[in-house]
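Structure assessment
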There are 2 protein chains.
Amino acid sequence: MSQSSAHNPATEPLPLSMALISVDCVVLRLHQGQLQVLTAPAGHPNARHPFALPAGRIEISQDHNLEQAARRHIGYLTQTVPSWLEQVETIGNDSRDSRGWSLTVVYFALMRDEPEADTPDARWHDITPGGELPALAYDHQILLKAAIERLCNKIQYTTLPLYLLPESFALADIRDVFQSLLGKAPPMRSLRNRFNEETVLEGTGEKRYGSNRPATLYRMKSEAVGKRMFSRLYESTR
Amino acid sequence: MSQSSAHNPATEPLPLSMALISVDCVVLRLHQGQLQVLTAPAGHPNARHPFALPAGRIEISQDHNLEQAARRHIGYLTQTVPSWLEQVETIGNDSRDSRGWSLTVVYFALMRDEPEADTPDARWHDITPGGELPALAYDHQILLKAAIERLCNKIQYTTLPLYLLPESFALADIRDVFQSLLGKAPPMRSLRNRFNEETVLEGTGEKRYGSNRPATLYRMKSEAVGKRMFSRLYESTR
């Protein structure tokens, strides 16, 4: 066996992998202006905290790919399909799980708000900008922190804020996403420039009536779905 | 067994994982103004192309974590330690490897240019902005494409360009990194503003003499190492 083939996986026999492989999901929603993360019971008797991120192993007979595994584990807990699912990072080492080498692929999922209440298996915990994160079992608070940081960065140059909103929304609702995640929001004028009607939004033809003057309702243009990047961060929010 | 514990990895017995786990490394350098990617012989008789990315499985007895596994596989091919190593994404599915469910964690590594020539096991291939990528075995051209895209994005708002340069460099060398990766570069004035001496660079006290007027040489300030994000992309390069 040559040196080169010795380190190329394609030439190796099927290895008896001893690593534990899982997906961990940071599922977020905006509920009445409050950012929340979904948790499940940690289950394990030695877990130091009763709650954990929705997580579980990959079932090679069911899951064609990693994303399907993540969707399956989220689906156990909530009937709502994520409006956005994105890989955050993969953590793999010999120290995070006492049972052996453990590898987990971390996803964050954004949900449009759903009316369902907590169940014994699905509980939503509040997340406040700059506040302490909920205590979670295993290394899940660290995974949560990384996912929140990623999201807080990405809302500043992408259309991701829209994936936390209902299908139809007012500009002020976009501002509320920033407020809930960063603790501050760009000026409305700046939001209007960025999420402008030329490229990202289209009016639904409806208005929302409340205590202020009627608010125009928008939805994402179909051609803007998945088109995520702007060329600047919001300076005002940094 | 309750429903919640049925999908929490911590309560599951040690699974006999059937997935193939590997790291794949996109190793890049700038050699005489030319971006290049490192490849190794693909090895497998059924591989459709003779070259592949440096890759290999995780050895749980050797590798404490994923990054160590990546460094080990890169180390087989080159004596130079990466100046930057970053996870790009994890691909896992039942279709990329005929032997079974396969998961690979993809890294990109940046190298300061090294003088060594190609060896039978390590060959550098040119990458030209907008040009066709080198043909590689397996799905490695797709992995390469994703890594290059990530790098081309990130050089526009981070200090990553500096990790492709020698320890000491002129401002014009930074411009050359942009030119080699994007096929165009921001104006020198814009580069000077971004990589300014207050926060990122310090003079080495030396100058480089050539056909033009002497160029001031800089190095990264020690406190700037790893401090990567700027608040704007270069508009001129988009």
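Placed above this text is the structure.
Structure report, in brief. Owing to the predicted nature of the structure, the values given are computational and were not obtained by experimental measurement.

Cut-off values and rules
Residues numbered from 1 in each chain as written. Chains lettered and ligands numbered in written order. Predicted model: local features only at pLDDT ≥ 70, side-chain atom pairs only at ≥ 80, totals over all residues. Heavy atoms only, no water. Helix = DSSP H or I, 4+ residues; strand = E, 2+ residues; numbered from the N terminus. Contact = heavy atoms within 4.5 Å. Pairing = 2+ DSSP bridges. Salt bridge = Lys/Arg side-chain N within 4 Å of Asp/Glu carboxyl O. Buried < 20%, exposed > 50% of the residue type's maximum accessible area, 1.4 Å probe, protein only. Core = buried A, V, L, I, M, F, W, Y, C linked by side-chain atoms within 4.5 Å. Phe/Tyr/Trp six-rings, centres within 6.5 Å; stacked < 30°, edge-to-face > 60°. Lys NZ or Arg CZ within 6 Å of the ring centre and 35° of its normal. Expected span 1.5 Å × (residues − 1). Polar contact = N/O pair within 3.5 Å; in protein donor to acceptor, adjacent residues only side chain to side chain.

1. Examining the environment of I148(B)
Tracing the backbone shows I148(B) in helix α3 (residues 140-154). Among residues more than four places away in sequence, those in contact with I148(B) are L28(B), L35(B) and I127(B).

2. Remarks on the pairing of strand β9 (residues 215-220) of chain B
Side chains on a regular strand alternate between the two faces of the sheet. Residue and element names in this part refer to chain B. Pairing between strand β8 (residues 201-208) and β9: five bridges, direction antiparallel. In the strand pairing of β9, L201 is matched with M220. Between β8 and β9, which pair antiparallel one after the other, the connecting turn spans six residues.

3. Side note on unusual backbone geometry
All names here are of chain B. In this structure, Q32 takes a positive phi of about 50° despite not being glycine. Phi at Y138 takes a positive value of approximately 55°, unusual for a residue other than glycine. Among the secondary structure elements, Y138 is positioned in the loop between β7 (123-127) and α3.

4. What about the pattern of salt bridges?
All names here are of chain A. Summed over the entire model, instances satisfying the criterion amount to 22 salt bridges over all chains. A salt bridge links E59 to R57; the shortest N-O distance between them is 3.3 Å. R57 gets classed as partly exposed once you look at its relative accessible area, which sits at 22%. When salt bridges with common partners are traced through the structure, they connect E86, R150 and K154 into a single cluster.

5. Details of the nonpolar core
Across soluble globular proteins, nonpolar side chains have a tendency to be buried as a group. Grouped together as the largest cluster of nonpolar side chains are 44 residues, with contacts concentrated most on L103(A) and L103(B). Where this core is concerned, the elements lending two or more residues are β1 (20-31), β2 (34-41), α2 (66-75) and β6 (102-111) of chain A together with β1 (20-31), β2 (34-41), α2 (66-77) and β6 (102-111) of chain B. Beyond its immediate sequence surroundings of up to four residues, L103(A) is in contact with L20(A), I21(A), S22(A), T90(A), I91(A), G92(A), I21(B), I58(B), L66(B), L103(B) and V105(B). Ranked by size, the runner-up nonpolar core spans 43 residues in total, among them I91(B), L110(B), L144(B) and V177(B).

6. As for the packing of aromatic side chains
To describe a pair of aromatic rings, one takes the distance between the centres and the angle between the planes. Overall, the coordinates contain three aromatic pairs over all chains when judged by the stated rule. An angle of 50° between the planes, with centres 4.7 Å apart, marks the rings of W84(A) and Y163(A) as tilted. With a gap of 79 residues between them, W84(A) in strand β5 (residues 84-93) and Y163(A) in the loop between α3 (140-154) and α4 (171-182) connect regions that are remote in the sequence. Classification of Y163(A) as buried rests on a relative accessible area of 3%. Between the NZ or CZ atom of R29(B) and the centre of the ring of W124(B), over which it lies, the distance is 4.2 Å.

7. Examining α4(A)
Residue and element names in this part refer to chain A. If you check α4, its first and last C-alpha atoms are 17 Å apart, about what twelve residues at 1.5 Å a residue would give, namely 16 Å. Taken together, the buried positions of α4 are L171, D173, I174, V177, F178, S180 and L181. Close packing links the buried residues of α4 with β1, β2, α3, α5 (188-194), β8 (201-208) and β9 (215-220). With its phi angle positive at about 80°, G183 sits one or two positions after the end of α4.

8. Focus on α2(A)
What α2(A) keeps buried is the set L66(A), A69(A), A70(A), R72(A), H73(A) and I74(A). The backbone nitrogen of E67(A) lies 3.2 Å from a side-chain oxygen of the residue at the head of α2(A), namely N65(A).

9. Description of the side chain of E86(A)
Residues and elements named next belong to chain A. For E86, the location among the structural elements is in strand β5. The exposure class assigned to E86 is buried, which follows from its relative accessible area of 9%. A polar side-chain atom of E86 sits 2.9 Å from a polar atom in the side chain of W84. Engagement of the side chain of E86 in a polar contact is seen with the side chain of R150, the distance being 3.4 Å. Apart from the residues lying within four places of it in its own chain, the contact partners of E86 are V106, Y107, F108, R150, K154, L160 and R228.

10. Some remarks on the environment of A52(A)
Here A52(A) shows up in strand β3 (residues 51-52). For A52(A) and A42(A), which are ten residues apart along the polypeptide, the C-alpha to C-alpha distance reads 4.8 Å.

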